[in-house]
Amino acid sequence: CGGGRPAGVARRRRRHSSRREGSTRAAEAVPPSAMSGARKAPWLRAAALSFVAGFVVYVNTFEAGFVWDDRAAVVGNADVHGKTPWSALLEHDFWGANITLDDSHKSFRPVTVASFRLNAAWTGPGARGFHVVNALMHAFVSAAVAVLASRLPGASAVRALVAGMLFAVHPVHVEAVASIVGRADVLSAVFFVPALLAYMRAAHGPARQTPAATAAWLALSVLLVFTAALSKEVGFTAFGGCVAWDVACLLRKWWRVVDEQDGVGSEGGSRRRLRDAGDDDASSEASSVASSVASSVASSVSSASTSSGGSGVSGSSGGAESDSDISPLKTPQPHRRSNGTNGLRRRIRGTGTPLASTAEEARAPDGGAFSPMSPAAATDKVRPGVAAGAVVWRSARRALFRWVVLVVSAAGFMWVRLSLHEGAPLYKWTLLENQFSLMPAGLSRTLSIAYTHVLYAWLAVVPGDFSFDHGFASLTPITEVVDLRNVGTLCLWVLAAASVALAWRRRWHVGLWAMATFAGAFLPASNVVVFVGTEVAERLLYTPSIALCVAAAQAMPGRGHRHTLVTKLKAAAFLVVVCVYATRTWDANKAWLNEDHLFDAGLASTPRSLKALNNKGQSLLNGSPEELREGEMYIRQAIELHPDYGQAHFNLALALRGQSLPFMDHLERSTALPDASCKSLAYLGHFTIEKYHRLSPEEREEKRWWWTDAKLTLEESTRMGCWMSLLFFARGMVAMTNEDFEPAFKEFMKAVEVAYKEVDIGAVVSASPGSSLNMAALSAQAMGRLEEAADLFGRAVAATPSSADMHSNFGVLLAQLERFDEAATLHNRAMQLRADDPVLLTNAGWSAELGRDYDRALQMYEAAYALAPDHPQVISNLVNLKALLASIGVAT
């Protein structure tokens, strides 16, 4: 199904024989190797230019950081940073969670996670290295698309360049390339395109290709599809692209043989040209088969007539015999059937010698009317599709073997893939992730999903405003047939049907293959077969756009076409489109520099996006008072769109931390809503524990139920699988209050580990790593592990150098270790950070007393007593020191 010389070129060469002879002599003077290199050079140039364009257009993403899902999939993923064994990649999902858990997304992409891991080991944990690798992968895919376009029938360097450049600069790819987490789509395409190329080589390789080489190319294609699917699930659809290619090539053969047979069977009949100029092999095969059919049928008819005593030509009238006289064609004898029908079959397979190769050779010797037993006359008695069906069946038998290999491979892969779940149910998408998954089956859901396909089609063609989220509230479900949006859906389906019909009418098998490949690659994202975690996402068009760009490139002139005014206008239009797309891509990349830019761009494109409003507000919660008020405004807008949005109520509670009643109202509401997150429960439990510990002993007895409620809330958050530093910190506080110091120590150390990850991903609420280290040190100190406690206190002070309490606690421990000078330095620093604090003064006095510096100790105790004369610990320490000094005869 390869490309070849267009029919128009052959006609021009027949008209100008002298020019043809000159070009033939020139061609004979050039060595075959040189001609082969000359033909290959244009494809290499197209691929190289596409690679450069695909890389350069994303250079401005190299300064971007980790944004949005990058934080969870890369920064917070232990599999990426080598903290888990390599085998864990076969047990965890894309986000690092065990794939057998009920709340796992079941997105199994070990190849992509492995690339993240190698990336982090090679370039470090910074975002720049990840962005550079993403751009290189996209550049490779762009070059591969150019190569793919160069392998199609009628291919030219122009078509290859157009396909590769369109893919390289298309703005719809920004989300997949500029976001690090989008590498799953890019890496899947890295293997998707070579899988198609390998299959094309296996199916239609050169004539000298051995069966072993064909099997090797087929095995390579299957292996590449597996790798693409393990990068992202859409790679599995490459199997469909391979089968579609075979079907398209079979259709092409059918059309060619039918056209050739029509040309033989009717003198002066017009023959329809195919959309793409075919190769000489296919054309000559069609001509040979058609001629063989005509000749063989005529031979069998003539032989049968002779055996029955007929002469085959009317001797008296000189006219053609009637159809009824050709009885051997209807009821052949057994031995004549063997010579006729089997001979026909041999000629269809390409063996045997045809009796007449053209209609002209079959004409009567006197130049008059056709003889009734001539090949051309016999052809009129044969259905036009006989030869075409035979040729197609010969090719289909070889394709059937390949299809069996593909089906068995696909079934085996799916069985292994699903067995990894170990019976765990598929993840149930929430309202904010995919509202269609929660809608009842019916007309409304069907129309709503169909309209998202219109949005995808628009995004694939028009480089408009893009958004990181097109989810809930930005897309309103269609509830009525009279909704105007249904007109867009109808137009899309009419356009799709017209495109298929036009491609069929013009016999454009490349276009049919491209449309089938696009539909297959888009199917997983369409919410038709299964629901996915989004309603519309630009990154999901990355792989389908491969076929789209290849199909668009077919509008450019193919090999051998003259450069007319029309082709020049097409080239100018292509340059304009590439420039517009490249400019739009460069600008769209800037949205992914940081989350502020990302959320602003999302709100500009989809102002009703619930996620964009809530996350924009959340990003401002740790800012200045003005930013805090702005964040509160965005969050309230999100609540207006969806009053039962638990995450928004939680964020609003954080924005109102200075207002106790509104704060508690929204915090408690966030935990009572159906979509309550474990984070809101953990925060409520942590807040209640802290509030309880601020009470006096008498008040604690009255508010004992606070303690009970807090523990139940923390247990529920733990049951929901929450992995949050505040949760572990609060559980450590509960254990320490119960004097269970070992469990408390473990909980505080978990809080430390998680807190550092939360700092990296920019979590709004998190336990301070220094606070968690400080509490872990106090637990170790209570268990008598003083050296370990000293190390933890040192880390706590380094993490939070502005904390007076941590300096004071560290000083007390060093005094216990008889490191009095260091202890005095730490106490002095603590009192500098927070002067006139009776607790700090008391701790400094106690450390001095241990070091027998009684004058300093007495001075610290008296200063603390002056500030808090009713504090029992201050009074006790001062009285005890004075008694000690009196016992040793020191005046106070």
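Everything numeric in this text was worked out from a predicted model, so none of it was measured. Sequence order as written defines the numbering, with residues in each chain counted from 1. Whole-chain, interface and lining totals are the exception, using all residues; otherwise, since this is a predicted model, local features are given only for residues with pLDDT of at least 70 and side-chain atom pairs are given and counted only at 80 or more. Water and hydrogen atoms were dropped before computing side-chain values, which therefore reflect all heavy atoms in the structure.

A. Up close: the overall build of the protein. On a plain count of helices and strands, the protein comes out with 38 helices and zero strands. Long-range contacts, defined as pairs at least 24 residues apart, comprise 71% of the intrachain contacts of the protein with a sequence gap of at least 6. Helix and strand definitions here come from DSSP, where helices need a minimum of 4 consecutive H or I residues and strands a minimum of 2 consecutive E residues; each element is numbered from the N-terminal end. Contacts between residues were defined by any pair of non-hydrogen atoms, one from each residue, lying within 4.5 Å.

B. Spotlight on a nonpolar patch on the surface. A surface patch of nonpolar side chains, about 560 Å² in accessible area, is lined by F51, V52, V56, V59, L136, F140 and W586. Secondary-structure elements contributing two or more residues to the nonpolar patch are helix 3 (32-56) and helix 6 (127-150). No other element matches the three residues that helix 3 contributes to the nonpolar patch. With respect to the element layout, V52 can be found in helix 3. Relative accessibility decides the category of a residue: with a 1.4 Å probe and only protein chains considered, values under 20% of the type maximum give buried, values over 50% give exposed, and everything between is partly exposed. Given the relative accessible area of 48%, V52 is considered partly exposed. Exposure above 30% relative accessible area and no salt bridge define the residues that can form patches, which grow by joining like charges within 9 Å and nonpolar side chains of Val, Leu, Ile, Met, Phe, Trp and Tyr within 5 Å. Using a 1.4 Å probe, accessible areas were evaluated by the Shrake-Rupley method; residue-level cover was limited to the displayed protein chains. Basic side-chain nitrogens of Lys or Arg form a salt bridge, by our definition, when they fall within 4 Å of a carboxyl oxygen of Asp or Glu.

C. How the structure looks around the packing of helix 19 (residues 509-522) against helix 20 (residues 544-553). Between N-to-C directions, angles cover 0 to 180 degrees, with each direction set by a line fitted to C-alpha atoms, over the stretch in contact for helices. Running from N to C, helix 19 and helix 20 cross one another at 165°; their axes reach a closest spacing of 7 Å. As the angle between them shows, helix 19 and helix 20 are arranged roughly antiparallel. Seen along the crossing, helix 19 lies across helix 20 with a hand that is left-handed. For the pair helix 19 and helix 20, contact is made by W513, A514, T517, F518, A521 and F522 and by P544, A547, L548, V550 and A551, respectively. In what follows, roughly perpendicular refers to angles from 65 to 115 degrees, roughly parallel to angles under 35, roughly antiparallel to angles over 145, and oblique to any angle outside these ranges. By definition, any crossing whose near helix is turned counterclockwise from its far helix by less than a right angle is left-handed, and any crossing with a clockwise turn is right-handed.

D. A look at empty space enclosed by the protein. Using only the protein atoms, space was sampled on a 1 Å grid; points where a 1.4 Å probe fits but cannot get out form cavities, open sets with protein on both sides within 12 Å along at least five of seven lines form pockets, and lining residues are those with an atom within 4 Å of a point. Grid points are joined across faces, edges and corners, and a volume is the space filled by probe spheres set on the points. Inspection of every chain in the model, using the stated rule, returns two cavities of 30 Å³ or more. Quantified by volume, the second largest cavity comes out at close to 30 Å³. What lines the second largest cavity is F436, S448, Y451, T452, L475, T476, P477, I478 and R485. Tallied by class, residues from the lining of the second largest cavity come to five nonpolar, three polar and one charged. Any residue that is not Ala, Val, Leu, Ile, Met, Phe, Trp, Tyr, Cys, Pro, Asp, Glu, Lys or Arg is counted as polar, Gly included; the first ten are nonpolar and the last four charged.

E. Summary view of the environment of F436. Among the secondary structure elements, F436 is positioned in the loop between helix 16 (385-419) and helix 17 (443-461). Take F436: its relative accessible area is 2%, and that puts it in the buried class. F436 sits 41 residues away from P477 along the chain, and the two C-alpha atoms are 8.3 Å apart. Not counting the four nearest positions on each side in its chain, F436 is found in contact with R445, S448, I449, T452, N527, F531 and E535.

F. Highlighting unusual backbone geometry. Unusually for a residue other than glycine, E818 sits at a positive phi of about 65°. In this fold, E818 is placed in the loop between helix 34 (804-816) and helix 35 (820-833). Using a relative accessible area of 61% as the deciding quantity, one classes E818 as exposed. Even without glycine at this site, R852 takes up a positive phi of about 60°.

G. Structural context of the pattern of salt bridges. Inspection of every chain in the model, using the stated rule, returns 19 salt bridges. Its salt-bridge partner being D644, residue R669 comes within 3.9 Å of it at the nearest N-O pair. Linking R669 in helix 26 (residues 660-672) with D644 in the loop between helix 24 (625-641) and helix 25 (646-655), this pair joins segments that are 25 residues apart in sequence. On the accessibility criterion, R669 (37% relative accessible area) is partly exposed. For D644, a relative accessible area of 40% puts it in the partly exposed group.

H. A look at helix 18 (residues 485-505). Over its 21 residues, helix 18 extends 30 Å from the first C-alpha to the last, a length consistent with the 30 Å expected when each residue adds 1.5 Å. Every buried residue belonging to helix 18 is among N486, T489 and A503, and all of these are buried. With its buried residues spanning 130° around the axis, helix 18 presents them on a single face. Looking at helix 18, the residues exposed on the side facing more than 90 degrees away from the buried face are L490, L495 and R505. In the core, the buried residues of helix 18 are packed alongside helix 17 and helix 19. Phi turns positive one or two residues past the end of helix 18, at R507, with a value near 55°. Here the expected span of a helix is defined as 1.5 Å times the quantity of residues minus one. As used here, the arc is the angular range of directions from the helix axis to the C-beta atoms.

I. Focus on the packing of helix 27 (residues 678-693) against helix 30 (residues 725-737). It is the contact of helix 27 with helix 30, at a shortest axis distance of 8 Å, that shows an interaxial angle of 35°. Every pair of crossing elements has a handedness; the one defined by helix 27 and helix 30 is left-handed. The residues of helix 30 that touch helix 27, namely those facing A682, Y683, H686, I689 and H693, are L726, L727, F729, A730, M733, V734 and T737. Residue composition of the contact of helix 27 with helix 30, grouped by class: nine nonpolar, three polar and no charged.

J. Quick look at a negative patch on the surface. Here Asp and Glu are counted as negative and Lys and Arg as positive; His is not counted, and neither are the chain ends. A charge is said to be at NZ when it belongs to Lys, at CZ for Arg, at CG for Asp and at CD for Glu. A cluster of acidic side chains, namely E698, E699, E701 and E702, defines a negative patch on the protein surface. Mapped onto the secondary structure, E698 falls in helix 28 (residues 697-702).

K. Structural view of the packing of aromatic side chains. Side-chain rings of Phe, Tyr and Trp (the six-membered ring for Trp) are treated as a pair once their centres are within 6.5 Å; stacked means planes under 30 degrees apart, edge-to-face means over 60, and tilted covers the remaining angles. One pass over the structure, following the stated rule, counts 19 aromatic pairs. Centroid distance W255 to W504: 5.3 Å. Interplanar angle 85°. Geometry classified as edge-to-face. With W255 in helix 11 (residues 238-265) and W504 in helix 18, the pair connects residues that are 249 residues apart, well separated along the chain. For W255, a relative accessible area of 4% translates into the label buried. Ring centres of F729 and F748 lie 5.5 Å apart, and the angle between their planes is 65°; on these two criteria the pair is classed as edge-to-face.

L. Expanded view of the side chain of H131. Relative to the assigned elements, H131 resides in helix 6. Residue classification places H131 among the buried residues on the basis of a relative accessible area of 0%. Those residues in contact with H131 that sit more than four places away from it in its chain are T61, F62, A64, G65, A178 and I180.

M. Seen up close, the confidence of the model for the protein. The quantity called pLDDT is the predictor's confidence in a given residue, expressed from 0 to 100. On average, residues of the protein carry a pLDDT of 77, and 78% of them reach 70 or more. Throughout residues 264-382 the model reports pLDDT below 50, and contacts reaching past four residues in sequence, or to other chains, amount to 153 contacts.

N. Inspection of helix 26 at higher detail. Taking 1.5 Å per residue, 13 residues should reach 18 Å; helix 26 reaches 18 Å between its end C-alpha atoms and fits that length. Where helix 26 is buried, its residues meet helix 25 and helix 27.

O. Structural detail: the environment of L431. Note that L431 resides in the loop between helix 16 and helix 17. Overall, L431 belongs to the partly exposed group, its relative accessible area being 28%. In the structure, L431 is positioned 41 residues away from F472 in sequence and 7.2 Å away in space, judged by C-alpha atoms. Ignoring any residue separated from it by four or fewer positions in sequence, one finds L431 in contact with L438, F472 and H642.

P. Here's a closer look at the environment of A496. For A496, the position within the fold is in helix 18. In this structure A496 comes out as partly exposed when scored by relative accessible area, which is 35%. Between the alpha carbons of A496 and M515 there is a distance of 9.0 Å; along the sequence they are 19 residues apart.

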